[in-house]
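Residues per chain, in single letters:
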Amino acid sequence: MKLQSLPLARHLGGVALTCALAFPALAHAQMTSGQTLYEQLGGKPAITKVVHDMIVNVAADNRINHFFAKTNIPHLQMELVNQVCEATGGPCKYTGLNMRQAHKGMNLRTADFNALVEDLQKSMDSNNVPLGLQNQLLAILAPMEPHVDHQ
Amino acid sequence: MSTHRWKRTLAATAVAGLGVWGMSAAHAQGSRLLATSGVTEVGGSTGGGITPWAVIAGYDTGDEVGGSVTGTYVTVPNYGLTTLGAAVGIHNRFEISVAHENLNVNLGSLSSLGVLGNQPGGLGLIKSGGVAPSINLGNQTISMDVLGLKARLFGDVLYTPYPQVSAGIKYKKNNDFNSNFSGLGPIGIPKFFGAASDSGTDFYVAATKVFLNGIFHRVTLVNLTLRGTKANAMGLLGFGTNANNGIAGALGTKSNDSYHAELEGSAAVFLRPDVAVGGEFRQQPDNMKYPINSSATAIGSPGTMKDVFIAYFPNKSLSLTAAYADLGPLPFQASNKGFYLSLNGTF
């Protein structure tokens, strides 16, 4: 079922809820560009593509794909897109569990989180997301790690 | 082991300093993100090129063991420093490191060697019948062994809002404190210039933070290290000073065997996930006075070491660092600037 099977995905989504730290970076992006990070990334279609390709990468990633064996993938993608959309200043609302709740009892390790980050980077690379935008998004997501791992 | 491609990097622990040339191989790779292993400083610890960082060796996370092997070569006119080092990181908590350093001193080409002799302005320390200034002393080597222990106290370079903080100690043993380099007897170069001891222990605390969205939206690493030390030129010229040793008295060196608090810093920006550029500085105690150039009275102190560097991390097994380094004054030469190359293998 979803709560157990969506953990990593839910984490990404929980960014907006759990990471006040993310917002200085977001504010900075807005100041320098006049656009939200959401807009610079290309809005919901582009975010959906990046999230989709990340999930494809995860599915092929033997380090962590077993965590998603029973996951409802379309639902996972929807949650993640909303989470990234909201966290980057877009007009979405993440409605999933917060990161601690979503990953409770999973005993995820930092290594697992890092693997997911690499799968996300790989997706952003293949979608030609500029490095500066990649780093801004990662800076928003990284503070979730303590809320995801070792729960 | 895995066949995954390690694509781009995030963080960086990277880079740094003095030049080096080394080697190493790697097999299984840990799960930390690219460049979070850093490189290896000349004393063998994971860090920049000349300063230890709070980072623990290897790419392991909390459940793994990793490590690195490094070779570094720094060359400045009349001096060459070669370092071989290895470090093992345990559960991203403890690091044990060893290093063997060789400083090659080309006394034969140091025209200022006359400063020790009887010529006008000379110190008159080397008499005819002993070793005259005209005698070419050739290449001399000073070697040193370093054993380091480091423990991560708290924090994570990437994932906590505060820095990763580690504490470490380094035991250093200079092997040529008493080596007869001049024919004058069992007085090695360190003792000759007034070092008090052949060994010493450094204590340090290092704080390292990686900003994923740093300067120009690039991953940016900042490190500060506070060190307590008695070392002269990192220990290659011994530890502390004793006015009764060698030519210390003639040079005006006073006895000093107390610890000095010295600051070290590194900053690096990842232009790409696998390429970082940056700079470092490392303060040093100034107990020891050196003869510099051809003046018997021009005296220097070790001063602050500095470097600017570029580091390349083609994958998690390998990194290459090139730097332009300023080692600060050394005996006979006020200015010691040259290139640093380091090859680092991580497993």
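Residues numbered from 1 in each chain as written. Chains lettered and ligands numbered in written order. Predicted model: local features only at pLDDT ≥ 70, side-chain atom pairs only at ≥ 80, totals over all residues.

Under the annotation held in an unreviewed UniProt entry, chain A carries the name Globin and is attributed to Thiomonas intermedia.

Draft legend 1. Representation of the packing of helix α5 (residues 43–59) of chain A against helix α6 (residues 73–87) of chain A. All names here are of chain A. Contact pair α5 / α6: the axes reach a minimum separation of 9 Å and the direction vectors enclose 130°. In terms of axis orientation, α5 runs oblique to α6. Once α5 is placed against α6, the crossing between them reads as right-handed. Residue-level inspection shows K44, I47, T48, V51, H52 and I55 of α5 in contact with α6, the latter providing I73, L76, Q77, L80, V81, V84 and C85. Looking at the contact of α5 with α6 residue by residue, the classes come out as 9 nonpolar, 3 polar and 1 charged. (Axes fitted to C-alpha atoms, helices over the stretch in contact; angles between N-to-C directions. Helix = DSSP H or I, 4+ residues; strand = E, 2+ residues; numbered from the N terminus. Parallel < 35°, antiparallel > 145°, perpendicular 65-115°, else oblique. Left-handed = near helix turned anticlockwise from the far one by under 90°. Contact = placed C-beta atoms within 7 Å. Nonpolar A, V, L, I, M, F, W, Y, C, P; charged D, E, K, R; others polar.)

Draft legend 2. Quick look at the sheet that holds strand β17 (residues 318–326) of chain B. All names here are of chain B. One closed barrel accounts for 12 strands, arranged β3-β4-β5-β6-β7-β9-β10-β12-β13-β16-β17-β18; its pairing is antiparallel. Sheet twist, expressed as the average angle between the axes of neighbouring strands with direction ignored, equals 20°. As judged from the 13 bridges shared by strand β5 (residues 94–106) and strand β6 (residues 139–154), these two strands associate in the antiparallel manner. Among the inter-strand pairings, I96 is bridged to a residue of β6, identified as L149. (Pairing = 2+ DSSP bridges.)

Draft legend 3. Inspection of the nonpolar core at higher detail. Counting 98 residues, the largest nonpolar core has V51(A), A142(A) and F193(B) as its most contacted members. Sorting elements by how many residues they give to this core places helix α8 (residues 110–126) of chain A first, with 7 residues. If near-sequence neighbours (up to four positions away) are discounted, V51(A) is found in contact with Q77(A), L80(A), V81(A) and V84(A). (Core = buried A, V, L, I, M, F, W, Y, C linked by C-beta atoms within 7 Å. Buried ≥ 20, exposed ≤ 12 C-beta atoms within 10 Å, placed from the backbone.)

Draft legend 4. Quick peek at the environment of Y324(B). All names here are of chain B. For Y324, the location among the structural elements is in strand β17. Look at Y324 and you get partly exposed, because 17 C-beta atoms sit within 10 Å. Setting aside anything within four residues of it in sequence, one finds Y324 in contact with D307, V308 and F339.

Draft legend 5. Focus on the pairing of strand β7 (residues 164–174) of chain B. Residues and elements named next belong to chain B. Here β7 shows one buried face, formed by Q164, S166, G168, K170, K172 and N174, and one open face, formed by V165, A167, I169, Y171 and K173. Pairing geometry for β7 and strand β9 (residues 199–211), over 10 bridges, is antiparallel. Paired with Y171 across the strands is T201, a residue of β9.

Draft legend 6. Main features of α6(A). All names here are of chain A. The first and last C-alpha atoms of α6 sit 21 Å apart over 15 residues, in line with the 21 Å expected at 1.5 Å per residue. For α6, the complete set of buried residues consists of L76, E79, L80, V81, N82, Q83, V84, C85 and A87. Where α6 terminates, the next one or two residues include G89, which has phi positive at roughly 95°. (Expected span 1.5 Å × (residues − 1).)

Draft legend 7. Spatial organisation of unusual backbone geometry. Residues and elements named next belong to chain B. Although it is not a glycine, N78 adopts a positive phi angle of roughly 75°. Mapping N78 onto the fold places it in the loop between β3 (65–76) and β4 (79–90). A residue is classified by how many C-beta atoms lie within 10 Å of it, and N78, with 21 of them, is buried.

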